[in-house]
Amino acid sequence: MVVTPLTPPQIRPVKRTLCIGIGGTGRDTLMRLRRFVVEHHGTLKNLPVVSFLAIDTDEGSLNTTGFRGETYRGQRLTFDPNEKVPITMNAQEVGELVKEFSHESYGESPFSHIEEWFPPALKDAVKVISGGANGIRPIGRLGFFHNFQKIKQSIQDAANRTVGHEQRMLEQNFSVQPGLDIFVVGSLCGGTGSGIFLDLAYTLRYLFQNDTSILSYLVISPDIYPNDSAMQAGVYAALKELNTILMMGLFLKLVMIKIIKFMSRRISPHSIILI
């Protein structure tokens with residue numbers, strides 16, 4: 001009787017990965033990724049080196065899957081509280097912002113870094129930010145600015161959740177490689193993704209300057225809004241801004257100038273960007 005020796009299991013490389021979805025398209029993509037993980041690994045917990053974070057001005061969207069039901073193969077797909085960041089503003093917060101814009105108080109306004117870019121025509125039009133940005137890019141960006149500290153902390157926490165799982169992954173025949181991959185996905189057709197994608201990319205580059213790859217996938221689907229001139233204008237503006245960043249080699253200056261200092265070297269916020 002010939003005994004064939006067992007072939008040792010193949011050890012496959014895996015890298016710590018942070019997946020960030022912005023806006024509704026980002027949420028939908030993350031949900032499909034989570035379903036893929038469940039399908040191939042049984043449960044999200046079996047792949048702890050992959051972390052998810054959804055950012056949206058539509059708080060209700062963050063509490064649903066976009067599918068029928070909240071589970072797949074018996075596993076819950078909905079985001080945990082630490083996996084979602086609603087970038088909203090209530091009526092009182094918007095009111096305080098508009099009051100500061102009117103310069104009724106003495107001294108420098110704490111919102112001067114917002115006033116320098118926020119369109120005057122929208123100052124009286126925005127009442128709350130909770131059900132989405134309605135395709136208006138400055139509203140999405142306003143939500144980002146207002147909730148910046150929360151976003152920043154949530155990103156750091158999400159990245160930290162991928163650390164310290166080498167032994168568990170080795171038990172599944174995976175070898176954790178050095179570094180961190182960050183994937184950002186969203187659409188340029190709405191107000192949230194289109195409004196925050198550049199600020200988010202710069203923030204990520206500032207937070208993770210070493211041994212980190214940042215890949216953004218930005219969806220443009222004109223067929224969804226074939227006759228929406230406002231959407232087309234928003235997409236054009238977003239692409240024009242992106243082109244300026246990529247082609248002009250501008251200094252990395254985070255828009256949160258009251259929170260994060262200037263950086264004195266030229267650097268692109270993205271490692272790779274796909275459109």
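Our subject in this report is the structure included herewith. For every chain, the first residue of its written sequence is number 1, and the numbers climb from 1 along that sequence. Note on the predicted model: pLDDT of at least 70 is required for a residue's local features to be given, and 80 or more for side-chain atom pairs to be given and counted; whole-chain, interface and lining totals, by contrast, use all residues. To get the side-chain values, take all heavy atoms of the structure and skip hydrogens and water.

Describing the packing of aromatic side chains
Okay, step 1: Pairing of aromatic rings covers Phe, Tyr and Trp, the last counted by its six-membered ring, and requires centre-to-centre distances within 6.5 Å; plane angles under 30 degrees mean stacked, over 60 mean edge-to-face, and any other angle means tilted. Evaluated as defined, the whole model comprises four aromatic pairs.
Okay, step 2: Ring centres of F101 and F118 lie 6.1 Å apart, and the angle between their planes is 35°; this geometry places the pair in the tilted category. Here F118 lies in the loop between α3 (112-115) and α4 (137-146) and F101 lies in helix α2 (residues 91-101), a separation of 17 residues in the sequence. Here the two residues F101 and F118 agree in accessibility, since each one is buried.
Okay, step 3: Ring centres of W117 and F118 lie 5.7 Å apart, and the angle between their planes is 70°; on these two criteria the pair is classed as edge-to-face.
Okay, step 4: One aromatic cluster is present, formed by F101, W117, F118 and F145 through successive ring pairs.
Okay, step 5: Sitting over a ring, as applied to charges here, requires NZ of Lys or CZ of Arg to be within 6 Å of the ring centre and within 35 degrees of the ring normal. The lysine or arginine in question, R35, covers the ring of F67, its NZ or CZ lying 4.2 Å from the ring centre. For helices the rule is a DSSP run of H or I covering at least 4 residues; for strands it is a run of E covering at least 2, with both sets numbered from the N terminus onward. Only protein chains enter the accessibility calculation, which uses a 1.4 Å probe. A residue is then buried if its area is under 20% of the maximum for its type, exposed if over 50%, and partly exposed in between.

Looking at a nonpolar patch on the surface
Okay, step 1: Patch membership requires more than 30% relative accessible area and the absence of a salt bridge. Residues of like charge join within 9 Å; the nonpolar side chains Val, Leu, Ile, Met, Phe, Trp and Tyr join within 5 Å. Surface exposure here means Shrake-Rupley accessible area, sampled with a 1.4 Å probe, where a residue is shielded only by the protein chains that are shown. By salt bridge we mean one thing: a side-chain nitrogen of Lys or Arg within 4 Å of a carboxyl oxygen of Asp or Glu. A cluster of nonpolar residues, Y217, I272 and L274, forms a patch on the protein surface that exposes about 270 Å² of accessible area.
Okay, step 2: Residue placement: Y217 occurs in strand β7 (residues 212-219).
Okay, step 3: The class of Y217 is partly exposed, set by a relative accessible area of 41%.

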